[in-house]
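Here is what each chain is made of, one letter per residue.
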Amino acid sequence: MRRVVITGLGAINALGNDVETTWNRLLRGESGVSLITRFDVSEHPVKFAAQVALDPLQHFQGPDLRKLDPFTMWALVAADEAFRDAGLQPATLAEPLRERIGCIIGTGIGGITGIEEQHLGLTERGPRRVSPHFVPKIMANAVSGQVAIRHGLMGTCFTTSSACASAGHAIGMAWRAIQWDDADIVITGGSESATTPLSLAGFANMKALSTRNDDPAAASRPFDKDRDGFVMGEGCGILIFEELEHARRRGARIYAEVKGYGSTDDAHHITAPEESGRGPARALREALRHARLDATSIDYINAHGTSTPYNDAIETRAIKLVLGDHARKVAISSTKSMVGHLLGASAAVELVVTALSVHRGVAHPTRNYTTPDPECDLDYIPGAAREFAIRNALSNSLGFGGHNVSICIGQVD
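Cut-off values and rules
- Residues numbered from 1 in each chain as written.
- Predicted model: local features only at pLDDT ≥ 70, side-chain atom pairs only at ≥ 80, totals over all residues.
- Heavy atoms only, no water.
- Core = buried A, V, L, I, M, F, W, Y, C linked by side-chain atoms within 4.5 Å.
- Buried < 20%, exposed > 50% of the residue type's maximum accessible area, 1.4 Å probe, protein only.
- Helix = DSSP H or I, 4+ residues; strand = E, 2+ residues; numbered from the N terminus.
- Contact = heavy atoms within 4.5 Å.
- Axes fitted to C-alpha atoms, helices over the stretch in contact; angles between N-to-C directions.
- Parallel < 35°, antiparallel > 145°, perpendicular 65-115°, else oblique.
- Left-handed = near helix turned anticlockwise from the far one by under 90°.
- Nonpolar A, V, L, I, M, F, W, Y, C, P; charged D, E, K, R; others polar.
- Expected span 1.5 Å × (residues − 1).
- Salt bridge = Lys/Arg side-chain N within 4 Å of Asp/Glu carboxyl O.
- Pairing = 2+ DSSP bridges.

(A) Broad picture of the nonpolar core. Counting 45 residues, the largest nonpolar core has Ile6, Leu9, Leu239, Phe241, Val258, Ile407 and Ile409 as the members making the most contacts within it. It is helix H14 (residues 346-360) that provides the largest number of residues to this core, a total of 7 residues. Once residues lying within four places of it in the same chain are set aside, the contact partners of Ile407 are Gly168, Ile171, Val258, Gly260, Tyr261, Leu351, Ala393, Leu394 and Ser395. Core analysis: the second largest hydrophobic core is formed by 29 residues, Met73, Ala75, Cys103 and Ile240 among them.

Structural data, given as structure tokens:
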């Protein structure tokens, strides 16, 4: 079976509009959560989020500003960064080579920004005022299609959508496309721009969000006893996957090897996870099985860690089911404690972070973990970043619909 490695990274989120800024702020334990200012939240029960601060005018001009939803804009910017980081310029390659480069990117909600904007125009000014760009702007697959068009990528290309596991499934499909010899390179990840009046109200009214309006930076507190819900986040994570020998032949820098992928479903409830943790546990086991690793080979887990009462306890339960006694020796942290929950893009940003942890031998802390919960009794790296050798790591993503994904990456053997 062909081996797959990570050779390029790109990211946009509330901590920064590039990978290095994001990484350095994560290591310092900084929060990207703040009060929402881009729209009126005076009547919303939740008034904060982890928001992206990227000026589209610095990256796009004229028609593109009308044709692209923010979730697609962010993917295009992060894809540019990832290809630069990998030392690749696909558009300059001959067509037969570009036919071997794929693009698989996930999104949970897609162009909801454009949907809300155009619906407002429809109700206020009538159907003739709806933009002719509306449909191609807001459709979920615009994100993969536009990245492929920009870089001339002619291989397999599609979008995955499975709520908070969307990017995880995209990443798994990218891994398999290279394994199965359908591509030599696949750009993958996820993008989400769902911090809008409608989606904020929807998540708040279903009681999924933290309501710490008086202290937004302390609102996302995964695994902490006083957690009260997740924080809306937004952004994009992009990774360049490449066949190992292909990467070696061109002298590429390799961050980590993608070793395993597990995907399961709870088959229980559309929003609530099944309490035993068996669903995510099976995903973890599948990732380890594909990686041909045992539990004691795992040194670090980048947890789904949403900061909701149910999720954190159930994910802890799943980790214990799979890792047994070794679970207490594994370092765990939640990126969401600082960048919020990026919904369909969360798995992508978190795998970018996990790849850097493997490559550089350091893991960021879980911010706001101050009061231990008896149900969450593992090592969640409280306080400060920790330096240690990371041979292999897992990155978990669990989504509405009962979707569970776990990705195993590690050092190249």
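(B) Expanded view of the packing of helix H1 (residues 19-27) against H14. Two elements in contact, H1 and H14, have axes whose closest approach is 11 Å; the angle formed by their N-to-C orientations is 75°. Compared by their axis directions, H1 and H14 come out roughly perpendicular. Across the interface between the two elements, Val19, Glu20, Trp23 and Leu26 from H1 touch Val352, Val353, Leu356, Ser357 and Arg360 from H14.

(C) Structural view of the packing of helix H3 (residues 70-86) against helix H7 (residues 142-151). Where H3 contacts H7, the axes come no closer than 9 Å and their chain directions differ by 45°. Relative to H7, the element H3 lies oblique. You can see that H3 and H7 cross each other, and the crossing is right-handed. Note on element contacts: H7 touches H3 through Ala142, Val143, Gln146, Val147, Arg150 and His151, opposite Phe71, Thr72, Ala75, Leu76, Ala79, Asp80 and Phe83. Grouping the amino acids of the contact of H3 with H7 by side-chain chemistry returns 8 nonpolar, 3 polar and 2 charged.

(D) Quick look at helix H12 (residues 309-323). Helix length check: H12 (15 residues) gives 22 Å between terminal C-alpha atoms against 21 Å at 1.5 Å per residue, within 8%. Taken together, the buried positions of H12 are occupied by Asn311, Asp312, Ala313, Ile314, Glu315, Thr316, Ala318, Ile319, Val322 and Leu323. Positive phi appears at Gly324, one or two residues downstream of H12, with a value of about 60°.

(E) Layout of unusual backbone geometry. Its identity is not glycine, yet Asp181 carries a phi of approximately 70°, on the positive side. Within the secondary structure layout, Asp181 lies in the loop between helix H8 (166-179) and strand E6 (185-192). Residue Asp181 is classed as partly exposed on the basis of its relative accessible area, which comes to 39%. Look at Ile381: it is not a glycine, yet its phi comes out positive at around 50°. Take Ile381: its relative accessible area is 0%, and that puts it in the buried class.

(F) The arrangement of the pattern of salt bridges in detail. Counting across every chain of the model gives 26 salt bridges. A salt bridge links Arg360 to Glu20; the shortest N-O distance between them is 2.6 Å. Of this pair, Arg360 sits in helix H14 while Glu20 sits in helix H1, placing them 340 residues apart in sequence. When the shortest N-O distance is used, the salt bridge between Arg100 and Asp184 registers 3.0 Å. Of the two residues, Arg100 is situated in the loop between helix H4 (95-98) and strand E4 (101-106) and Asp184 in the loop between H8 and E6; the sequence distance between them amounts to 84 residues. Through salt bridges with shared partners, a single ionic network connects Arg2, Arg100, Asp181 and Asp184.

(G) Representation of the sheet that holds strand E10 (residues 331-333) in the model. Ordered in space as E5-E4-E6-E7-E1-E8-E14-E13-E9-E10, the 10 strands form an open sheet in which the pairing is mixed. One side of each edge strand has no neighbouring strand; the edge strands of this open sheet are strand E5 (157-160) and E10. Direction aside, neighbouring strands of the sheet carry axes that sit 25° apart on average. Pairing analysis gives 3 bridges linking strand E9 (residues 300-302) to strand E13 (residues 392-399), with the strands arranged parallel. Its bridge partner lying in E13, Asn302 is registered against Ser395.

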